[in-house]
Amino acid sequence: MRNNKKPFNRRCASCGRITDKSSLLRIVRNKEGHTVFDKTLCMEGRGAYICRDMACVEKAEKKNSLERSFRARIDRSDKEKLFEEIREFVSG
Ligand SMILES: [Zn+2]
């Protein structure tokens, strides 16, 4: 049974901390096999989450945490764009 009153917790793919979805960044692997940053939190596809924290983001990039989370390779150009967007989002 599902308890809708529970906070929507997700695990960070980088540090493993479980926290509310609203304080995480969502990354989506879509049907086309592209991995993109989901600013809106409602894109279709399989999601992975990273803390809204540059240390976590950088660790995820270096350690390929998202690849592990999706169990799939991420296109180099997708990955560059994805992390560029995340950096902009977190710092701005
Ligand atoms: Zn984290």
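Worth saying up front: this structure is predicted, and the values here are computed from it rather than measured.

So, how was this worked out
Residues numbered from 1 in each chain as written. Predicted model: local features only at pLDDT ≥ 70, side-chain atom pairs only at ≥ 80, totals over all residues. Buried ≥ 20, exposed ≤ 12 C-beta atoms within 10 Å, placed from the backbone. Helix = DSSP H or I, 4+ residues; strand = E, 2+ residues; numbered from the N terminus. Arc of directions from axis to C-beta. Contact = placed C-beta atoms within 7 Å. Pairing = 2+ DSSP bridges. Axes fitted to C-alpha atoms, helices over the stretch in contact; angles between N-to-C directions.

A closer look at helix α1 (residues 54-63)
Listing the buried residues of α1 in full gives C56, V57 and A60. Buried residues of α1 fall within an arc of 100° about the axis and therefore sit on the same side. Projecting away from the buried face of α1 at angles above 90 degrees are the exposed residues M54, A55, K62 and K63. Among the structural elements, β5 (46-51), α2 (65-70) and α3 (76-91) are those in contact with the buried residues of α1. Just beyond α1, the residue with positive phi is N64, at close to 55°.

Side note on the sheet that holds strand β3 (residues 24-29)
The pairing of strands in a sheet comes from backbone hydrogen bonds and takes either a parallel or an antiparallel form. Strand order in the open sheet made by the three strands is β4-β3-β5, with antiparallel pairing throughout. The open sheet has two edge strands with one neighbour each: β4 (35-37) and β5. Shown here is a sheet whose adjacent strand axes are inclined to one another by a mean of 30°, direction ignored. With six bridges connecting them, β3 and β5 associate as antiparallel partners. Along β5, the bridge assignment pairs R29 with R46. This element, α3, spans β3 and β4 of the sheet and lies at about 10° to β4.

Focus on unusual backbone geometry
Located in the positive-phi region is L41, a residue other than glycine, with phi close to 65°. Counting through the fold element by element, L41 comes out in the loop between β4 and β5. On the basis of neighbour count, L41 is assigned to the partly exposed category, with 14 C-beta atoms found within 10 Å.

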